[in-house]
Amino acid sequence: MARPRTIYDPPQIGWVKETLKRDEPWRAYNDSATGARTGQAPTLMRTMPNGSKRPVKFDGIQAEYVIDRKWGVRDAPHARAQILRQSQVLAQHRLIGTWEVPNPVQKSKALKLLKKMNVTNIKVRVVKP
């Protein structure tokens, strides 16, 4: 006897105002992500261990995928913290995230970093600027 398939509510995507420097080269790259809105960032709410909720920002959305664009991938404490925030919120909402990077070198760096951090719910693809 087959069990009925579990149906989950669609993720509640919020939008927050985002103030970034205008002249940075990566700004246009981030703003051109699928589903992006200039000056706003799509967010998912992450439930913290104490029950409070905090937004986690991305750059765009495409159907049920949230997109974060990375102009350059760095293995630094702030970058690792962002990876953990994104992975946790994606897991809480049962979603897969997509990082879009400008070239194969950045893709290789991203895959290496995600593997190092044991993150499996974020995929990486190259999207030329």
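Owing to the predicted nature of the structure, the values given are computational and were not obtained by experimental measurement. (Residues numbered from 1 in each chain as written. Predicted model: local features only at pLDDT ≥ 70, side-chain atom pairs only at ≥ 80, totals over all residues. Heavy atoms only, no water.)

Asker: Break down the nonpolar core for me, citing the residues and quoting the values.
Answerer: A general feature of soluble globular proteins is that nonpolar side chains tend to end up buried together. Core analysis: the biggest nonpolar cluster contains 18 residues, and Leu-44, Phe-58, Ile-83, Leu-90, Trp-99 and Leu-114 have the highest contact counts within it. Leave out the neighbours within four places in its chain, and Leu-90 touches Leu-44, Phe-58, Val-66, Leu-95, Ile-96, Gly-97, Asn-121 and Ile-122. (Core = buried A, V, L, I, M, F, W, Y, C linked by side-chain atoms within 4.5 Å. Buried < 20%, exposed > 50% of the residue type's maximum accessible area, 1.4 Å probe, protein only. Contact = heavy atoms within 4.5 Å.)

Asker: Quick one: what's the story with the sheet that holds strand β7 (residues 122-126), residue by residue and with numbers?
Answerer: Reading across from one edge, β4-β5-β6-β7 is the order of the four strands in this open sheet, with mixed pairing throughout. Two strands lie at the open edges of the sheet, namely β4 (60-62) and β7, each paired on one side alone. Taking the axes of each pair of neighbouring strands and ignoring which way they run, one obtains an average angle of 30 degrees across the sheet. Each of β6 (97-101) and β7 is contacted by helix α3 (residues 104-116), which is oriented at about 170 degrees to β7, the strand it contacts most. (Pairing = 2+ DSSP bridges. Helix = DSSP H or I, 4+ residues; strand = E, 2+ residues; numbered from the N terminus. Axes fitted to C-alpha atoms, helices over the stretch in contact; angles between N-to-C directions.)

Asker: I'd love a proper account of the packing of aromatic side chains, names of residues and values included.
Answerer: If you walk through the whole model with that rule in mind, you get one aromatic pair. When the ring of Tyr-29 is compared with that of Trp-71, the centres are 5.4 Å apart and the planes differ by 65 degrees; the resulting orientation is edge-to-face. Within this pair, whereas Tyr-29 is found in helix α1 (residues 25-31), its partner Trp-71 is found in the loop between β5 (65-69) and α2 (77-92), the two being separated by 42 residues in sequence. On the basis of relative accessible area, Tyr-29 is assigned to the buried category, the value being 3%. A residue is classified by how much of its surface remains accessible, and Trp-71, at 36% relative accessible area, is partly exposed. Of note, Arg-37 hangs over the ring of Trp-15, and the distance from its end group to the ring centre comes to 3.8 Å. In this structure, Arg-69 is placed above the aromatic ring of Tyr-29, and the distance from its NZ or CZ to the ring centre is 4.4 Å. (Phe/Tyr/Trp six-rings, centres within 6.5 Å; stacked < 30°, edge-to-face > 60°. Lys NZ or Arg CZ within 6 Å of the ring centre and 35° of its normal.)

Everything listed here is a matter of coordinates, which is why it stays silent on function.
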